[in-house]
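Chain by chain, the residues run as shown.
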Amino acid sequence: MGLWAKFKNTTLYKSIYRNDYPDTPRNQVLVILNSVVLHLHPVKLPRRAVRVSYTWGLGGLSLLMFLILTLTGVWLMFYYVPAVPHGYQSMKFLDTNVIFGPFARNMHRWAAHGMVIAVWLHMTRVFYTGSYKPPREFNWVIGVVLFLVTVLLSFTGYLLPWDQLAYWAIMVGSNMAKVSPVVGTYVQQALLGGFDIGPATLIRWYTLHVILLPLACIALMAMHFWRIRKDGGISTPIPYDEDGETEQLNDNNNEGKS
Ligand code: HEM
């Protein structure tokens with residue numbers, strides 16, 4: 001008996017891998033359905049729906065950016081102090097005294113730009129393929145809220161270095177909120193935690209940036225992915241025949257269950 005075969009016979013191996021590799025289609029389906037992690041994936045997919053040039057992987061890229069932001073963000077939290085006398089200094093300390101500090105900070109910044117761009121392009125793709133149409137209209141609405149949360153995450157993070165750029169960007173942003181009809185002044189005061197930018201603004205935006213908005217984003221993403229499954233998976237491209245004529249109009253985009 002080879003070394004690998006011997007290892008596969010140990011209690012340790014068997015306690016982790018309970019079954020052999022499933023080599024029949026029936027067993028492969030059972031493995032997917034019986035595993036908590038694997039059952040998040042559909043058992044079968046139409047080949048056309050996973051064509052890269054249909055989705056461009058933009059939804060997955062948005063998720064990847066979010067994961068990078070979470071990892072680098074937690075790392076930044078080890079050093080960042082969310083208080084007026086310390087915010088700017090702690091970023092400078094990170095830039096100059098911490099090993100890989102500038103690298104982690106730049107990863108966080110670039111991933112934030114990347115997420116806004118990826119989510120925007122993903123939204124554009126969904127629009128141009130008509131994938132917002134029934135039965136996917138509710139997922140489009142969840143998507144719009146996700147876009148809003150993405151932009152707010154970016155904007156709240158902008159204030160945290162507490163430098164001149166951040167301060168005046170918040171001044172401009174909150175004054176834009178102020179000119180909204182009827183509720184403008186209240187929205188501005190809620191955002192600033194008072195009448196002017198100060199310590200209350202910083203702690204408010206920090207809490208939004210590291211707790212409330214990321215949790216909202218996770219909950220919305222879970223709903224978004226669940227809806228994709230319930231709507232019959234990703235919409236499929238409308239097939240064209242050799243003359244460029246549409247073979248089945250809309251059929252494939254509307255075949256999902258709700
Ligand atoms: C954090 C932001 C988002 C993430 C992580 C995300 C993720 C995904 C993923 C992974 C898919 C599978 C197909 C693909 O990759 O294109 C998808 C599909 C979809 N997304 Fe998003 N999405 C986000 C934002 C949005 C936004 C802003 C909209 C629109 C306003 C939207 C609307 C949709 C719709 C309607 C589908 C189904 C598309 C189809 O069936 O062809 N999503 N999303």
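Further up the page is the structure itself.
How each quantity is defined
- Residues numbered from 1 in each chain as written.
- Predicted model: local features only at pLDDT ≥ 70, side-chain atom pairs only at ≥ 80, totals over all residues.
- Helix = DSSP H or I, 4+ residues; strand = E, 2+ residues; numbered from the N terminus.
- Rg over C-alpha atoms; globule rule 2.2 N^0.38 Å.
- Buried ≥ 20, exposed ≤ 12 C-beta atoms within 10 Å, placed from the backbone.
- Contact = placed C-beta atoms within 7 Å.
- Axes fitted to C-alpha atoms, helices over the stretch in contact; angles between N-to-C directions.
- Parallel < 35°, antiparallel > 145°, perpendicular 65-115°, else oblique.
- Expected span 1.5 Å × (residues − 1).

Caption draft 1: Region of interest: the overall build of the protein chain. Across its full length, the protein chain carries 11 helices and 0 strands. By the compact-globule yardstick of 18 Å for 258 residues, the protein chain is too spread out, its C-alpha radius of gyration being 24 Å. With the C-alpha coordinates of the protein chain rotated into their principal frame, the extents come out at 65 × 60 × 30 Å. For the protein chain, with 258 residues in total, the buried portion stands at 21%. Restricting to contacts in the protein chain with at least 6 residues of sequence separation, those with at least 24 account for 67%.

Caption draft 2: Quick look at the packing of helix 8 (residues 137–159) against helix 9 (residues 164–178). Interhelical geometry of helix 8 versus helix 9 gives an angle of 135° and a closest axis separation of 8 Å. By the criterion of interaxial angle, the relationship of helix 8 to helix 9 is oblique. On helix 9, the residues touching F155, Y158 and L159 of helix 8 are A166, A169, I170 and G173.

Caption draft 3: Helix 7 (residues 101–128), seen in detail. Between its first and last C-alpha, helix 7 extends 40 Å over 28 residues, near the 40 Å set by a 1.5 Å rise per residue. Within helix 7, the full set of buried residues consists of R105, A111, A112, M115, A118, V119, H122 and V126. The inward-facing, buried residues of helix 7 abut helix 5 (58–77), helix 6 (87–97) and helix 8. Taken from the residues just after helix 7, G130 is the one with a positive phi, measuring 65°.

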